[in-house]
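# A closer look at the structure
Here's the letter readout for the chains.
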Amino acid sequence: MKDSSVLGDVKVRDESRVILHVDMDAFFASVEQRRDEKLRGRPVVVCGKFPRTVVASASYEARVFGIHANMPIGEARRRCPELRCVEGDLGRYITASLGVMGILREYSPHIEVASIDEAFLDMTHCRLLFPSPRVAAESIKNRIFHELGLTCSVGIGPNKLVAKLASSQGKPDGLVIVSAPGVSHFLNNLPIGRLWGIGPKREEALRFLGVQSCGDLGRIPVDLLKERFGPLGERLHCMGLGIDEDPVIPLGHEPDPKSFGHFVTLPEDTDDSRIIMGFLLRLSEQVGRRLRRNCFQGGRVVLTVRFSDFSTVTRQKVAYEPLTSGKDIYRLALRIWDSMGDRRPIRLLGVTVSKLKRASNQLSLFARPNKVVALWEAVDRVNDTYGDFTLTWGTLHQPPR
Ligand code: TTP
Ligand code: MG
(Lines give C-alpha, C1' and ligand atoms only; values in the text may rest on other atoms or scores of the structure.)
(Ligands and ions follow the chains in the order given, each with its own letter.)
Protein backbone atom coordinates (compact mmCIF):
# COMPACT_ATOMS: atom_id res chain seq x y z
CA MET A 1 0.00 0.00 0.00
CA LYS A 2 1.13 3.51 -0.77
CA ASP A 3 1.15 5.60 2.36
CA SER A 4 0.07 9.21 2.45
CA SER A 5 3.32 10.99 2.97
CA VAL A 6 4.90 14.36 2.58
CA LEU A 7 7.85 14.77 0.21
CA GLY A 8 9.33 18.18 0.88
CA ASP A 9 6.25 20.33 0.80
CA VAL A 10 4.56 18.27 -1.89
CA LYS A 11 1.72 16.19 -0.51
CA VAL A 12 1.41 12.78 -2.09
CA ARG A 13 -2.13 11.59 -2.24
CA ASP A 14 -2.85 7.96 -1.47
CA GLU A 15 -5.58 6.97 -3.87
CA SER A 16 -5.25 3.28 -3.23
CA ARG A 17 -7.21 3.28 0.02
CA VAL A 18 -10.66 1.72 0.17
CA ILE A 19 -12.80 3.38 2.83
CA LEU A 20 -16.37 2.41 3.62
CA HIS A 21 -18.72 4.71 5.49
CA VAL A 22 -21.79 3.11 7.01
CA ASP A 23 -24.57 5.33 8.36
CA MET A 24 -27.84 3.97 9.71
CA ASP A 25 -31.01 5.39 8.16
CA ALA A 26 -33.15 7.53 10.50
CA PHE A 27 -31.50 5.58 13.29
CA PHE A 28 -33.47 6.40 16.44
CA ALA A 29 -36.77 6.55 14.51
CA SER A 30 -36.04 3.21 12.80
CA VAL A 31 -35.27 1.52 16.12
CA GLU A 32 -38.67 2.73 17.36
CA GLN A 33 -40.40 1.53 14.19
CA ARG A 34 -38.77 -1.86 14.61
CA ARG A 35 -39.98 -2.05 18.24
CA ASP A 36 -43.55 -0.99 17.55
CA GLU A 37 -45.18 -2.21 14.36
CA LYS A 38 -47.86 0.50 14.61
CA LEU A 39 -45.11 3.03 13.85
CA ARG A 40 -43.88 1.28 10.71
CA GLY A 41 -44.39 3.06 7.43
CA ARG A 42 -45.62 6.17 9.29
CA PRO A 43 -44.25 9.63 9.94
CA VAL A 44 -42.41 9.25 13.25
CA VAL A 45 -39.98 11.42 15.14
CA VAL A 46 -37.91 10.71 18.22
CA CYS A 47 -37.61 13.64 20.59
CA GLY A 48 -36.89 14.54 24.20
CA LYS A 49 -39.42 14.63 26.99
CA PHE A 50 -39.86 18.39 27.42
CA PRO A 51 -42.93 19.75 25.60
CA ARG A 52 -40.70 22.09 23.57
CA THR A 53 -38.07 19.58 22.63
CA VAL A 54 -36.58 19.34 19.14
CA VAL A 55 -36.57 16.44 16.69
CA ALA A 56 -33.59 14.12 17.19
CA SER A 57 -34.45 11.73 14.38
CA ALA A 58 -37.17 11.79 11.73
CA SER A 59 -38.35 8.73 9.82
CA TYR A 60 -38.17 9.07 6.04
CA GLU A 61 -41.98 9.11 6.00
CA ALA A 62 -41.81 12.24 8.19
CA ARG A 63 -39.15 13.86 5.99
CA VAL A 64 -41.66 14.00 3.11
CA PHE A 65 -43.30 16.79 5.17
CA GLY A 66 -40.01 18.68 5.43
CA ILE A 67 -39.43 17.49 9.00
CA HIS A 68 -35.78 17.12 9.96
CA ALA A 69 -33.43 16.82 12.94
CA ASN A 70 -33.28 19.85 15.24
CA MET A 71 -36.69 21.18 14.14
CA PRO A 72 -38.80 22.31 17.13
CA ILE A 73 -41.42 19.67 17.81
CA GLY A 74 -44.25 22.22 17.53
CA GLU A 75 -43.18 23.07 13.99
CA ALA A 76 -42.92 19.36 13.10
CA ARG A 77 -46.48 18.76 14.40
CA ARG A 78 -47.76 21.72 12.41
CA ARG A 79 -46.28 20.27 9.25
CA CYS A 80 -47.75 16.83 9.85
CA PRO A 81 -50.69 16.63 12.28
CA GLU A 82 -50.67 12.80 12.27
CA LEU A 83 -46.97 12.74 13.26
CA ARG A 84 -46.15 10.20 15.99
CA CYS A 85 -43.69 11.62 18.52
CA VAL A 86 -41.79 9.06 20.55
CA GLU A 87 -39.75 9.96 23.61
CA GLY A 88 -36.21 8.74 23.02
CA ASP A 89 -34.67 5.89 24.99
CA LEU A 90 -30.88 6.07 24.72
CA GLY A 91 -30.47 2.55 26.16
CA ARG A 92 -32.36 1.08 23.19
CA TYR A 93 -30.23 2.99 20.69
CA ILE A 94 -26.98 2.00 22.39
CA THR A 95 -28.01 -1.66 22.27
CA ALA A 96 -28.88 -1.34 18.57
CA SER A 97 -25.61 0.49 17.92
CA LEU A 98 -23.59 -2.25 19.61
CA GLY A 99 -25.31 -4.77 17.32
CA VAL A 100 -24.38 -2.76 14.23
CA MET A 101 -20.78 -2.19 15.30
CA GLY A 102 -20.45 -5.90 16.17
CA ILE A 103 -21.34 -6.81 12.58
CA LEU A 104 -19.03 -4.17 11.10
CA ARG A 105 -16.10 -5.41 13.18
CA GLU A 106 -16.28 -8.69 11.32
CA TYR A 107 -15.40 -6.89 8.07
CA SER A 108 -12.31 -4.96 9.11
CA PRO A 109 -10.27 -4.51 12.28
CA HIS A 110 -9.67 -0.91 11.19
CA ILE A 111 -12.98 0.56 12.22
CA GLU A 112 -13.65 4.05 13.52
CA VAL A 113 -16.95 4.47 15.33
CA ALA A 114 -17.73 8.04 14.32
CA SER A 115 -21.02 8.37 16.20
CA ILE A 116 -23.77 6.20 17.63
CA ASP A 117 -24.95 5.23 14.14
CA GLU A 118 -22.00 5.59 11.81
CA ALA A 119 -18.60 4.11 11.28
CA PHE A 120 -15.71 4.20 8.84
CA LEU A 121 -14.03 0.96 7.83
CA ASP A 122 -10.62 0.93 6.22
CA MET A 123 -10.90 -2.06 3.89
CA THR A 124 -7.58 -1.45 2.14
CA HIS A 125 -5.93 -4.47 3.71
CA CYS A 126 -9.04 -6.65 3.55
CA ARG A 127 -9.26 -6.67 -0.20
CA LEU A 128 -8.30 -10.32 -0.48
CA LEU A 129 -11.14 -11.32 1.85
CA PHE A 130 -13.86 -10.07 -0.49
CA PRO A 131 -14.21 -10.25 -4.28
CA SER A 132 -14.79 -6.47 -4.32
CA PRO A 133 -15.69 -3.60 -1.97
CA ARG A 134 -19.19 -3.70 -3.46
CA VAL A 135 -19.63 -7.31 -2.37
CA ALA A 136 -18.45 -6.45 1.16
CA ALA A 137 -20.85 -3.50 1.32
CA GLU A 138 -23.80 -5.57 0.07
CA SER A 139 -23.01 -8.24 2.62
CA ILE A 140 -22.92 -5.62 5.42
CA LYS A 141 -26.26 -4.17 4.33
CA ASN A 142 -27.84 -7.65 4.13
CA ARG A 143 -26.63 -8.69 7.55
CA ILE A 144 -27.73 -5.47 9.23
CA PHE A 145 -31.15 -5.84 7.63
CA HIS A 146 -31.69 -9.54 8.31
CA GLU A 147 -30.08 -9.75 11.74
CA LEU A 148 -31.11 -6.37 13.16
CA GLY A 149 -34.14 -5.37 11.07
CA LEU A 150 -32.59 -2.00 10.22
CA THR A 151 -31.40 -0.37 7.02
CA CYS A 152 -28.24 1.60 6.44
CA SER A 153 -26.55 3.50 3.66
CA VAL A 154 -23.01 2.75 2.60
CA GLY A 155 -20.57 4.95 0.74
CA ILE A 156 -17.25 3.75 -0.64
CA GLY A 157 -14.45 6.06 -1.63
CA PRO A 158 -10.67 6.56 -1.55
CA ASN A 159 -10.94 8.54 1.69
CA LYS A 160 -13.29 9.34 4.59
CA LEU A 161 -14.54 12.60 3.09
CA VAL A 162 -15.67 11.02 -0.18
CA ALA A 163 -17.02 7.87 1.52
CA LYS A 164 -19.19 9.96 3.85
CA LEU A 165 -20.49 12.15 1.04
CA ALA A 166 -21.24 8.98 -0.95
CA SER A 167 -23.24 7.34 1.86
CA SER A 168 -25.34 10.46 2.35
CA GLN A 169 -25.91 10.67 -1.40
CA GLY A 170 -27.45 7.19 -1.38
CA LYS A 171 -29.82 7.64 1.56
CA PRO A 172 -31.93 5.82 2.50
CA ASP A 173 -30.86 2.19 2.04
CA GLY A 174 -28.28 3.15 -0.58
CA LEU A 175 -24.89 2.04 -1.78
CA VAL A 176 -22.78 4.57 -3.67
CA ILE A 177 -19.28 3.76 -4.87
CA VAL A 178 -16.87 6.47 -5.97
CA SER A 179 -13.56 5.37 -7.43
CA ALA A 180 -10.49 7.61 -7.17
CA PRO A 181 -10.70 8.68 -10.83
CA GLY A 182 -14.44 9.35 -10.39
CA VAL A 183 -14.04 11.77 -7.46
CA SER A 184 -14.04 15.02 -9.44
CA HIS A 185 -17.08 13.95 -11.46
CA PHE A 186 -18.86 12.98 -8.22
CA LEU A 187 -18.12 16.33 -6.58
CA ASN A 188 -18.86 18.46 -9.61
CA ASN A 189 -22.53 19.13 -8.96
CA LEU A 190 -22.71 18.29 -5.26
CA PRO A 191 -24.03 21.32 -3.29
CA ILE A 192 -21.41 22.75 -0.92
CA GLY A 193 -23.87 22.54 2.00
CA ARG A 194 -23.30 18.78 1.95
CA LEU A 195 -19.68 19.20 3.08
CA TRP A 196 -18.95 18.70 6.76
CA GLY A 197 -18.38 22.00 8.56
CA ILE A 198 -20.22 24.16 6.02
CA GLY A 199 -23.21 25.64 7.79
CA PRO A 200 -25.59 28.28 6.42
CA LYS A 201 -23.22 31.19 7.17
CA ARG A 202 -20.19 29.70 5.40
CA GLU A 203 -22.42 28.55 2.58
CA GLU A 204 -23.62 32.10 2.11
CA ALA A 205 -20.05 33.45 2.18
CA LEU A 206 -19.01 30.88 -0.43
CA ARG A 207 -21.99 31.67 -2.63
CA PHE A 208 -20.90 35.30 -2.47
CA LEU A 209 -17.62 34.14 -4.08
CA GLY A 210 -19.62 32.34 -6.77
CA VAL A 211 -19.12 28.88 -5.26
CA GLN A 212 -22.28 26.76 -5.52
CA SER A 213 -20.98 23.22 -5.78
CA CYS A 214 -18.07 21.22 -4.36
CA GLY A 215 -16.63 21.26 -7.88
CA ASP A 216 -16.64 25.10 -7.84
CA LEU A 217 -14.90 25.00 -4.46
CA GLY A 218 -12.08 22.91 -5.92
CA ARG A 219 -11.66 25.27 -8.86
CA ILE A 220 -11.56 28.58 -6.98
CA PRO A 221 -7.98 29.78 -6.22
CA VAL A 222 -6.84 28.57 -2.81
CA ASP A 223 -5.41 32.03 -2.01
CA LEU A 224 -8.87 33.54 -2.33
CA LEU A 225 -10.23 30.98 0.11
CA LYS A 226 -7.36 31.62 2.56
CA GLU A 227 -7.91 35.35 2.33
CA ARG A 228 -11.60 34.96 3.11
CA PHE A 229 -11.54 32.05 5.61
CA GLY A 230 -8.03 32.09 7.08
CA PRO A 231 -6.44 28.70 7.80
CA LEU A 232 -9.74 26.97 7.01
CA GLY A 233 -9.29 28.08 3.38
CA GLU A 234 -6.72 25.35 2.70
CA ARG A 235 -9.04 22.71 4.16
CA LEU A 236 -11.95 23.98 2.05
CA HIS A 237 -9.75 23.83 -1.04
CA CYS A 238 -8.87 20.19 -0.29
CA MET A 239 -12.51 19.34 0.37
CA GLY A 240 -13.47 20.83 -2.98
CA LEU A 241 -10.92 18.54 -4.65
CA GLY A 242 -12.02 15.51 -2.63
CA ILE A 243 -8.65 15.28 -0.87
CA ASP A 244 -8.68 13.93 2.68
CA GLU A 245 -5.71 12.19 4.24
CA ASP A 246 -7.26 11.61 7.68
CA PRO A 247 -6.73 8.02 8.73
CA VAL A 248 -9.43 5.73 10.06
CA ILE A 249 -8.80 5.84 13.80
CA PRO A 250 -9.81 2.67 15.66
CA LEU A 251 -11.28 2.72 19.17
CA GLY A 252 -8.69 3.53 21.81
CA HIS A 253 -6.53 5.52 19.39
CA GLU A 254 -8.67 8.65 19.19
CA PRO A 255 -7.10 12.02 19.94
CA ASP A 256 -8.23 13.58 23.21
CA PRO A 257 -11.54 15.43 23.04
CA LYS A 258 -11.34 19.23 22.74
CA SER A 259 -14.37 20.04 24.87
CA PHE A 260 -17.32 18.67 26.81
CA GLY A 261 -20.65 20.45 26.56
CA HIS A 262 -24.27 20.00 27.58
CA PHE A 263 -27.26 21.89 26.16
CA VAL A 264 -30.91 22.13 27.08
CA THR A 265 -33.99 23.64 25.44
CA LEU A 266 -35.95 25.15 28.33
CA PRO A 267 -39.53 23.97 28.91
CA GLU A 268 -40.63 27.51 28.04
CA ASP A 269 -38.81 30.74 27.15
CA THR A 270 -37.93 32.55 30.34
CA ASP A 271 -36.08 35.54 31.71
CA ASP A 272 -36.54 34.35 35.30
CA SER A 273 -32.99 34.36 36.69
CA ARG A 274 -33.79 31.69 39.31
CA ILE A 275 -34.86 29.23 36.66
CA ILE A 276 -31.92 30.16 34.43
CA MET A 277 -29.48 29.72 37.31
CA GLY A 278 -31.00 26.32 38.11
CA PHE A 279 -30.44 25.12 34.57
CA LEU A 280 -26.92 26.55 34.51
CA LEU A 281 -26.08 24.64 37.68
CA ARG A 282 -27.55 21.44 36.29
CA LEU A 283 -25.64 21.77 33.00
CA SER A 284 -22.43 22.62 34.86
CA GLU A 285 -22.87 19.53 37.03
CA GLN A 286 -23.30 17.35 33.94
CA VAL A 287 -20.15 18.77 32.36
CA GLY A 288 -18.15 18.41 35.59
CA ARG A 289 -19.23 14.82 35.86
CA ARG A 290 -18.04 14.08 32.34
CA LEU A 291 -14.71 15.77 33.02
CA ARG A 292 -14.11 13.64 36.10
CA ARG A 293 -15.35 10.45 34.49
CA ASN A 294 -12.92 10.92 31.58
CA CYS A 295 -10.07 12.17 33.80
CA PHE A 296 -9.83 15.65 32.28
CA GLN A 297 -9.65 19.12 33.70
CA GLY A 298 -10.83 22.19 31.83
CA GLY A 299 -9.38 25.65 31.31
CA ARG A 300 -12.27 27.63 29.86
CA VAL A 301 -16.04 27.83 30.17
CA VAL A 302 -18.18 28.71 27.16
CA LEU A 303 -21.77 29.77 27.72
CA THR A 304 -24.25 29.42 24.85
CA VAL A 305 -27.52 31.33 25.06
CA ARG A 306 -30.25 31.14 22.43
CA PHE A 307 -32.97 33.74 22.82
CA SER A 308 -36.62 33.27 21.91
CA ASP A 309 -36.03 34.83 18.48
CA PHE A 310 -33.43 32.04 17.91
CA SER A 311 -30.52 34.51 17.88
CA THR A 312 -27.61 32.77 19.59
CA VAL A 313 -24.74 34.22 21.57
CA THR A 314 -21.64 32.44 22.90
CA ARG A 315 -19.32 34.01 25.46
CA GLN A 316 -16.34 32.51 27.25
CA LYS A 317 -14.10 33.00 30.24
CA VAL A 318 -10.76 31.44 31.06
CA ALA A 319 -10.44 29.75 34.46
CA TYR A 320 -7.53 30.60 36.77
CA GLU A 321 -7.56 27.12 38.28
CA PRO A 322 -8.16 23.81 36.46
CA LEU A 323 -11.87 23.01 36.41
CA THR A 324 -13.26 19.66 37.50
CA SER A 325 -16.18 20.43 39.77
CA GLY A 326 -19.62 21.44 38.58
CA LYS A 327 -19.72 24.18 41.19
CA ASP A 328 -16.60 25.90 39.80
CA ILE A 329 -17.90 25.58 36.26
CA TYR A 330 -21.22 27.02 37.41
CA ARG A 331 -19.53 30.00 39.09
CA LEU A 332 -17.76 30.91 35.88
CA ALA A 333 -20.86 30.28 33.75
CA LEU A 334 -22.81 32.56 36.08
CA ARG A 335 -20.17 35.30 35.80
CA ILE A 336 -20.41 35.09 32.03
CA TRP A 337 -24.21 35.24 32.24
CA ASP A 338 -24.04 38.26 34.57
CA SER A 339 -21.61 40.07 32.29
CA MET A 340 -23.76 39.50 29.20
CA GLY A 341 -26.39 41.88 30.53
CA ASP A 342 -28.95 40.79 27.90
CA ARG A 343 -32.12 39.83 29.76
CA ARG A 344 -34.32 38.83 26.85
CA PRO A 345 -36.27 35.56 27.35
CA ILE A 346 -34.10 32.50 26.73
CA ARG A 347 -34.95 29.40 24.76
CA LEU A 348 -31.78 27.30 25.03
CA LEU A 349 -28.76 27.21 27.31
CA GLY A 350 -25.46 25.41 26.90
CA VAL A 351 -22.39 25.07 29.10
CA THR A 352 -19.17 23.82 27.52
CA VAL A 353 -15.75 23.39 29.06
CA SER A 354 -12.80 23.52 26.68
CA LYS A 355 -8.97 23.79 26.83
CA LEU A 356 -8.97 20.28 28.24
CA LYS A 357 -5.93 18.67 29.79
CA ARG A 358 -5.50 15.19 31.17
CA ALA A 359 -6.07 15.52 34.92
CA SER A 360 -2.91 15.06 36.91
CA ASN A 361 -2.58 14.42 40.60
CA GLN A 362 -0.24 17.36 40.88
CA LEU A 363 -1.46 19.78 43.53
CA SER A 364 -1.42 23.46 42.69
CA LEU A 365 -0.52 26.19 45.14
CA PHE A 366 -4.20 26.66 45.83
CA ALA A 367 -5.02 22.96 45.80
CA ARG A 368 -8.24 21.92 47.43
CA PRO A 369 -8.02 19.88 50.55
CA ASN A 370 -8.28 16.19 49.76
CA LYS A 371 -11.59 16.12 51.60
CA VAL A 372 -13.25 17.97 48.71
CA VAL A 373 -11.80 15.56 46.16
CA ALA A 374 -12.92 12.61 48.27
CA LEU A 375 -16.40 14.11 48.58
CA TRP A 376 -16.75 14.43 44.80
CA GLU A 377 -15.49 10.91 44.28
CA ALA A 378 -18.13 9.66 46.72
CA VAL A 379 -20.89 11.72 45.07
CA ASP A 380 -19.86 10.38 41.65
CA ARG A 381 -19.90 6.82 42.94
CA VAL A 382 -23.43 7.23 44.32
CA ASN A 383 -24.64 8.82 41.07
CA ASP A 384 -22.94 6.14 38.97
CA THR A 385 -24.76 3.50 40.97
CA TYR A 386 -28.18 5.08 41.49
CA GLY A 387 -28.49 7.46 38.52
CA ASP A 388 -27.60 11.05 37.66
CA PHE A 389 -28.52 13.70 40.23
CA THR A 390 -29.36 11.20 42.99
CA LEU A 391 -26.97 13.22 45.13
CA THR A 392 -26.65 16.83 44.15
CA TRP A 393 -27.01 20.44 45.30
CA GLY A 394 -30.10 21.31 47.32
CA THR A 395 -31.05 23.95 44.74
CA LEU A 396 -31.39 21.18 42.19
CA HIS A 397 -33.46 19.00 44.47
CA GLN A 398 -36.54 19.97 42.49
CA PRO A 399 -35.32 19.02 39.00
CA PRO A 400 -36.64 21.27 36.23
CA ARG A 401 -39.74 19.93 34.53
P1 TTP B 1 -27.90 11.01 11.93
O2 TTP B 1 -27.19 9.87 11.28
O3 TTP B 1 -27.42 12.39 11.63
O4 TTP B 1 -29.44 10.99 11.52
P5 TTP B 1 -30.40 9.77 11.31
O6 TTP B 1 -29.72 8.45 11.44
O7 TTP B 1 -31.62 9.95 12.17
O8 TTP B 1 -30.88 9.98 9.81
P9 TTP B 1 -30.05 9.75 8.46
O10 TTP B 1 -30.78 8.70 7.71
O11 TTP B 1 -30.07 11.06 7.76
O12 TTP B 1 -28.66 9.33 8.83
O13 TTP B 1 -27.86 10.83 13.50
C14 TTP B 1 -27.93 9.55 14.11
C15 TTP B 1 -28.78 9.61 15.34
O16 TTP B 1 -28.22 10.54 16.26
C17 TTP B 1 -30.20 10.08 15.07
O18 TTP B 1 -31.07 9.01 14.74
C19 TTP B 1 -30.57 10.73 16.38
C20 TTP B 1 -29.25 11.21 16.96
N21 TTP B 1 -29.17 12.67 16.78
C22 TTP B 1 -29.53 13.50 17.84
O23 TTP B 1 -29.87 13.02 18.91
N24 TTP B 1 -29.49 14.85 17.66
C25 TTP B 1 -29.13 15.42 16.47
O26 TTP B 1 -29.12 16.65 16.33
C27 TTP B 1 -28.78 14.57 15.37
C28 TTP B 1 -28.38 15.15 14.04
C29 TTP B 1 -28.80 13.20 15.58
MG1 MG C 1 -27.88 8.10 10.42
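Before any of the text, the structure's been laid out above.
The shown structure was predicted, so the numbers you read here are calculated from the model rather than taken from an experiment.

## A word on the site of ligand 1
In the vicinity of ligand 1, 14 residues are found, and the nearest of them are Asp 23, Ala 26, Tyr 60, Arg 63 and Asp 117. Interatomic distance of 2.9 Å between a backbone N/O atom of Phe 27 and an oxygen atom of ligand 1. In the model, an oxygen atom of ligand 1 is placed 2.9 Å from a nitrogen or oxygen of the Asp 117 side chain. Calculation on ligand 1 without its partners gives an accessible area of 550 Å², and the protein chains cover 68% of this total. Every element with two or more residues in the shell around ligand 1 is listed here: strand E3 (19-24), helix H1 (27-35), strand E5 (55-58) and helix H2 (60-63). For the shell around ligand 1, the per-class residue count stands at 7 nonpolar, 2 polar and 5 charged.

## Description of the pairing of strand E4 (residues 44-47)
Both faces of E4 are covered, namely the face carrying Val 44 and Val 46 and the face carrying Val 45 and Cys 47. In this sheet, strand E6 (residues 84-87) lies alongside E4 in parallel orientation, the contact comprising 4 bridges. Bridging from a neighbouring strand, Val 45 pairs with Cys 85 of E6. The sheet contact formed by E4 and E5 spans 3 bridges and is antiparallel. Each residue of the ladder has a partner; that of Val 46, found in E5, is Ser 57.

## Concerning the environment of Val 301
Within the secondary structure, Val 301 sits in strand E12 (residues 296-307). On the basis of relative accessible area, Val 301 is assigned to the buried category, the value being 0%. For the pair Val 301 and Val 64, spaced 237 residues apart in sequence, the C-alpha separation works out to 40 Å. The residues contacting Val 301, other than those within four sequence positions of it, are Arg 315, Gln 316, Lys 317, Leu 323, Ile 329, Leu 332, Ala 333, Ile 336, Val 351, Thr 352 and Val 353.

## Notes on helix H12 (residues 273-293)
In an α-helix there are 3.6 residues to a turn, and that puts residues three or four apart on one side. A rise of 1.5 Å per residue sets the reference length of H12, with its 21 residues, at 30 Å; its end C-alpha atoms lie 30 Å apart and thus fit the reference within 8%. Those residues of H12 that fall on the buried side of the exposure criterion are Ile 276, Phe 279, Leu 280, Leu 281, Leu 283, Ser 284, Glu 285, Val 287, Gly 288, Arg 289, Leu 291 and Arg 292. The N-terminus of H12 is capped by Asp 272, whose side-chain oxygen sits 2.9 Å from the backbone nitrogen of Arg 274. Positioned one or two residues after H12, Cys 295 has a phi angle of 60°, which is positive.

## Brief notes about unusual backbone geometry
Each neighbour pair has its own omega, and for Lys 171 with Pro 172 the value is -10°, a cis peptide bond. Positionally, Pro 172 belongs in the loop between helix H6 (160-169) and strand E10 (175-177). Phi is positive for Asp 173, which is not a glycine, with a value near 55°. Within the secondary structure, Asp 173 sits in the loop between H6 and E10.

## Describing the sheet that holds E5
Strand order in the open sheet made by the 3 strands is E5-E4-E6, with mixed pairing throughout. Looking at the sheet topology across the chains shown, the edges are occupied by E5 and E6. Pairs of neighbouring strands in the sheet enclose a mean axial angle of 30°, with direction left out of account.

## Details of the sheet that holds strand E9 (residues 152-157)
The 5 strands lie next to each other as E7-E8-E3-E9-E10, forming an open sheet whose pairing is mixed. Strands with a single pairing partner mark the edges of an open sheet, and in this sheet they are strand E7 (111-115) and E10. When strand polarity is set aside, the average angle formed by the axes of neighbouring strands in this sheet is 15°. The pairing of E3 with E9 spans 6 bridges and is classified as antiparallel. Note on E9: the bridge partner recorded for His 21 is Gly 155. The sheet strands contacting H6 are E3, E7, strand E8 (118-122), E9 and E10, and the helix crosses E9 at an angle near 145°.

## Considering helix H4 (residues 90-105)
Between its first and last C-alpha atoms H4 spans 22 Å; for 16 residues at 1.5 Å apiece the expected length is 22 Å, and the two agree. Along H4, the positions that sit buried rather than exposed are Tyr 93, Ala 96, Ser 97, Val 100, Met 101, Ile 103 and Leu 104. The arc that holds every buried residue of H4, seen down its axis, measures 155°, which confines them to one face. The exposed set on the far side of H4, more than 90 degrees from its buried face, consists of Thr 95 and Leu 98. Regarding H4, its N-cap is Asp 89, as a side-chain oxygen of that residue lies 3.0 Å from the backbone nitrogen of Gly 91 further along.

## Remarks on the coordination of the magnesium ion (ligand 2)
Those donors, Asp 23 (OD), Met 24 (O) and Asp 117 (OD), are the protein atoms that reach the magnesium ion (ligand 2), and they lie 2.1 to 2.3 Å from it. If you look at the magnesium ion (ligand 2), its 6 donor atoms make angles of 77 to 178° with each other, and the shape they trace is octahedral. Counting along the primary sequence, the residues that act as donors to the magnesium ion (ligand 2) give the motif D-M-x92-D. Of this pair, Met 24 sits in strand E3 while Asp 117 sits in the loop between E7 and E8, placing them 93 residues apart in sequence.

About the criteria used
- Residues numbered from 1 in each chain as written.
- Chains lettered and ligands numbered in written order.
- Predicted model: local features only at pLDDT ≥ 70, side-chain atom pairs only at ≥ 80, totals over all residues.
- Heavy atoms only, no water.
- Near = heavy atom within 4 Å.
- Polar contact = N/O pair within 3.5 Å; in protein donor to acceptor, adjacent residues only side chain to side chain.
- Areas by Shrake-Rupley, 256 points an atom, 1.4 Å probe, with all protein chains shown as cover.
- Helix = DSSP H or I, 4+ residues; strand = E, 2+ residues; numbered from the N terminus.
- Nonpolar A, V, L, I, M, F, W, Y, C, P; charged D, E, K, R; others polar.
- Buried < 20%, exposed > 50% of the residue type's maximum accessible area, 1.4 Å probe, protein only.
- Pairing = 2+ DSSP bridges.
- Contact = heavy atoms within 4.5 Å.
- Expected span 1.5 Å × (residues − 1).
- Axes fitted to C-alpha atoms, helices over the stretch in contact; angles between N-to-C directions.
- Arc of directions from axis to C-beta.
- Donors = N, O, S within 2.8 Å, 3.2 Å for Na, K, Ca; no water.
- Tetrahedral: all angles 85-135°; square planar, octahedral: opposite > 155°, others 65-115°.

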